[in-house]
Amino acid sequence: MSSKRVYNFSAGPSMLPEEVLTKAASELLNYENSGMSVMEMSHRSKVYDGIITAAEAKLRSVMAIPEDYAVLFLQGGATSQFTMVPMNLATKSGVADYTLTGVFSKKSYQEGKRFCDARIAYDSKEENYSRLPKQEELVLTPHADYFHMCENNTIYGSKWSYLPETNGVPIVSDMSSCILSEPVDVAKYGVIYAGAQKNMGPAGLTVVIVRKDLLGEPQEKTPVMYGYKLMAENNSMYNTPPTYGIYILKLVLEWVESLGGLTAMQKRNQEKAALLYDFLDQSNLFQGKIQKDSRSMMNVTFVTGDADLDAAFVAEAAAAGFVNLKGHRLVGGMRASIYNAMPLQGVKDLVDFMAKFEAEHK
Ligand SMILES: *Cc1c(COP(=O)(O)O)cnc(C)c1O
């Protein structure tokens, strides 16, 4: 690691692989003899067409996205998808089932209610969002236009450990904080969406993967920029796409490929997460907050049980080069986001630091 860089445990925007940043820096002033930066290029130019085409092809190959799915490169963040999903999909029965498993899934439900008959299939509020529902706990509407889930709950640090059986109702998954962390069977989903700034690249790019038969006419009065069909027909070029973000995504995908793809990524991530959870499970000071079968591999949340001690830990950790460990303002405590770009060494060093802190605060 370059000497002045810290281990950044931010939940997002978050660490990018150093190889990606170095490559982007080397090409910043003059991309492949074009005489200009990718940022300065027309999105309709031949050279930029090479970038966006390669980014899509690489995403398709890394995630094994079937041919009958469209890949959209949009803006507006995952939050815009909370609106775009009902506008584009709640067009038949007008009913959609939502699982409320954390902060973002609740927001998606609240937004969904504005554009369709959004129903609650499960709400884990009573359990402080400490676990995900079991299949038999889900209340499903047979004729729903879609079933919405947030696959990895970034703020609470929980993750679905299975994909629900919805009996043909398309699954819409917010994968913002777990996309590219492990292989997924895309064919089991109707829509997958993600803000890029956790595991894919910089903020400003939003990736949507949508089964082509779901690209119907959106609800009336859907803003032109919010129509999946129009965006798909125009290859994400109805207007100017987030050009630089797409370029960085391409570099991130090349980095993922160079390490062996998503199977290798999953192995690395499991190893990192196990180090941290194993430490938490034996610690007398720190405790994890999520039930074992619902733990996130990407966002590890924990507390000491004493808010002052939590604050002291966060401050001392930052001084030692482990930054952004403070939990989300809504939940407090600590959160270590260990996305793809966080090296194993970063987690090892953090665990050593936590052990030292524990020894000093017996
Ligand atoms: C970060 C995040 C969001 C919000 O993303 P924006 O790009 O800021 O709109 C939504 N869902 C999940 C799961 C997230 O992690």
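What counts, and at which threshold
- Residues numbered from 1 in each chain as written.
- Predicted model: local features only at pLDDT ≥ 70, side-chain atom pairs only at ≥ 80, totals over all residues.
- Heavy atoms only, no water.
- Helix = DSSP H or I, 4+ residues; strand = E, 2+ residues; numbered from the N terminus.
- Expected span 1.5 Å × (residues − 1).
- Bend = angle between axes of the 7 residues up to and from the residue.
- Buried < 20%, exposed > 50% of the residue type's maximum accessible area, 1.4 Å probe, protein only.
- Near = heavy atom within 4 Å.
- Polar contact = N/O pair within 3.5 Å; in protein donor to acceptor, adjacent residues only side chain to side chain.
- Areas by Shrake-Rupley, 256 points an atom, 1.4 Å probe, with all protein chains shown as cover.
- Contact = heavy atoms within 4.5 Å.
- Axes fitted to C-alpha atoms, helices over the stretch in contact; angles between N-to-C directions.
- Parallel < 35°, antiparallel > 145°, perpendicular 65-115°, else oblique.
- Left-handed = near helix turned anticlockwise from the far one by under 90°.
- Nonpolar A, V, L, I, M, F, W, Y, C, P; charged D, E, K, R; others polar.

1. Quick notes on helix H3 (residues 77-89)
Then, number 1: Over its 13 residues, H3 extends 18 Å from the first C-alpha to the last, a length consistent with the 18 Å expected when each residue adds 1.5 Å.
Then, number 2: The sharpest bend along H3 comes to roughly 30°, located at Thr83, with the proline Pro86 sitting one to four residues further on.
Then, number 3: The buried fraction of H3 is high, at 11 of 13 residues.
Then, number 4: For H3, the set of buried residues is Ala78, Ser80, Gln81, Phe82, Thr83, Met84, Val85, Pro86, Met87, Asn88 and Leu89.

2. Here's the deal with the site of the ligand
Then, number 1: The ligand sits among 13 residues. The nearest are Thr79, Thr154, Asp174, Gln197 and Lys198.
Then, number 2: One nitrogen or oxygen atom from the main chain of Ala78 is found 3.1 Å from an oxygen atom belonging to the ligand.
Then, number 3: Between Thr154 and the ligand, the recorded distance is 2.4 Å, taken from a side-chain N or O atom to an oxygen atom.
Then, number 4: When the ligand sits alone it has 380 Å² of accessible area, and the protein chains cover 86% of it.

3. Here we look at the side chain of Thr301
Then, number 1: Mapped onto the secondary structure, Thr301 falls in strand S12 (residues 299-303).
Then, number 2: Classification of Thr301 as buried rests on a relative accessible area of 4%.
Then, number 3: At 2.8 Å, the side chain of Thr301 and the backbone oxygen of Tyr156 are in polar contact.
Then, number 4: Leaving out residues up to four positions away in the same chain, Thr301 has contacts with Ile155, Tyr156, Gly157, Leu280, Gln287, Gly288, Lys289, Ile290, Met334 and Arg335.

4. Thoughts on the packing of helix H2 (residues 46-63) against helix H6 (residues 243-258)
Then, number 1: Where H2 meets H6, the closest approach of the two axes is 9 Å, and the angle between their N-to-C directions is 45°. Between H2 and H6, the interaxial angle falls into the category oblique. Crossing of H2 over H6 shows left-handed handedness. Along the contact surface, H2 presents Tyr48, Ile51, Ile52, Ala54, Ala55, Lys58, Leu59, Ser61 and Val62, while H6 presents Thr243, Ile246, Tyr247, Lys250, Leu253, Glu254, Val256 and Glu257.
Then, number 2: Counted by class, the contact of H2 with H6 contains 11 nonpolar, 2 polar and 4 charged residues.

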